[in-house]
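# Residue-level structure breakdown
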Amino acid sequence: QVQLVESGGGLVQAGGSLRLSCAASGGTFSTHTMGWFRQAPEKDREFVAAISWTGSATYYADVVKGRFTISRDNAINMVSLQMNNLKPEDTAVYYCAAVGSPETFTIGAPEYRYWGQGTQVTVST
């Protein structure tokens with residue numbers, strides 16, 4: 001059973017930066033695509049970014065492209081999300097997730113079987 005634990009959320013002013021981290025345990029981290037999703041109050045969960053199991057491929061939602069960077073370190077079972085030039089509309093609970101099937105690259109939430117508990121990001125004006 002894969003377990004994911006996020007950290008790094010907090011309160012930041014618009015234009016600032018935060019780095020989210022996700023520590024994975026209990027599975028074969030290096031063979032699974034990892035993703036970040038977020039959910040704002042009274043809104044549906046939305047895809048943010050994904051990175052393939054080797055780290056060679058990434059994909060971003062248009063609203064974060066050019067501002068956010070996803071990365072992973074398979075040696076320490078960690079995936080990160082560097083968020084720059086944050087905007088108030090980035091305020092949400094951010095979730096780390098792992099695709100259930102190995103060596104499968106997808107951005108579809110139903111394909112992600114394992115989820116962290118989430119970390120709050122709040123961007124003030």
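These notes cover the structure that comes with them.

About the criteria used
- Residues numbered from 1 in each chain as written.
- Predicted model: local features only at pLDDT ≥ 70, side-chain atom pairs only at ≥ 80, totals over all residues.
- Heavy atoms only, no water.
- Helix = DSSP H or I, 4+ residues; strand = E, 2+ residues; numbered from the N terminus.
- Buried < 20%, exposed > 50% of the residue type's maximum accessible area, 1.4 Å probe, protein only.
- Contact = heavy atoms within 4.5 Å.
- Areas by Shrake-Rupley, 256 points an atom, 1.4 Å probe, with all protein chains shown as cover.
- Lys, Arg positive; Asp, Glu negative; His and termini not counted.
- Charge placed at Lys NZ, Arg CZ, Asp CG, Glu CD.
- Pairing = 2+ DSSP bridges.
- Axes fitted to C-alpha atoms, helices over the stretch in contact; angles between N-to-C directions.
- Phe/Tyr/Trp six-rings, centres within 6.5 Å; stacked < 30°, edge-to-face > 60°.
- Lys NZ or Arg CZ within 6 Å of the ring centre and 35° of its normal.

In terms of regular secondary structure, the protein chain is built from zero helices and eleven strands. By principal-axis analysis of the C-alpha atoms, the protein chain measures approximately 40 × 25 × 25 Å. Looking at the protein chain as a whole, 43% of its 125 residues are labelled buried. Pairs at least 24 apart in sequence give 59% of the contacts found in the protein chain among residues at least 6 apart. Per element, the accessible surface of the protein chain, about 6,200 Å² overall, is 48% carbon and sulfur. Treating the 9 positive side-chain charges of the protein chain as one cloud and the 10 negative ones as another, the clouds have centres 3 Å apart.

Before going further, it helps to examine the sheet that holds strand S1 (residues 3–7). Here four strands make up an open sheet; going across it, the order is S1-S3-S8-S7 and the pairing antiparallel. Two strands lie at the open edges of the sheet, namely S1 and strand S7 (68–73), each paired on one side alone. Direction aside, neighbouring strands of the sheet carry axes that sit 15° apart on average. For S7 and strand S8 (residues 78–83), the ladder comprises six bridges, and the chain directions are antiparallel. In the strand pairing of S8, Thr69 is matched with Gln82.

On to unusual backbone geometry. Leave glycine aside and you will find that most residues have negative phi; peptide bonds, for their part, are mostly trans. You will see that Asn77, though not glycine, has its phi angle at about 55°, which is positive. Under the relative-accessibility criterion, Asn77 is labelled partly exposed at 25%.

Evaluation of the coordinates by the stated rule reveals five aromatic pairs. Centroid distance Phe37 to Phe47: 5.7 Å. Interplanar angle 75°. Geometry classified as edge-to-face. Taken together, the positions of Phe37 in strand S4 (residues 34–39) and Phe47 in strand S5 (residues 46–51) put the pair ten residues apart, joining distant regions of the chain. By relative accessible area, which is 2% here, Phe37 ends up buried. On the accessibility criterion, Phe47 (14% relative accessible area) is buried. Centroid distance Phe47 to Tyr59: 6.1 Å. Interplanar angle 40°. Geometry classified as tilted. With Phe47 in strand S5 and Tyr59 in strand S6 (residues 58–60), this residue pair connects regions lying twelve residues apart in the sequence. Site record: aromatic cluster; members linked through ring pairs are Phe37, Phe47, Tyr59, Tyr112 and Trp115. The positively charged end of Arg45 is found above the aromatic ring belonging to Trp115, 4.3 Å away from the centroid. Over the ring of Phe29 we find Arg72; its NZ or CZ atom is 4.4 Å from the centre of that ring.

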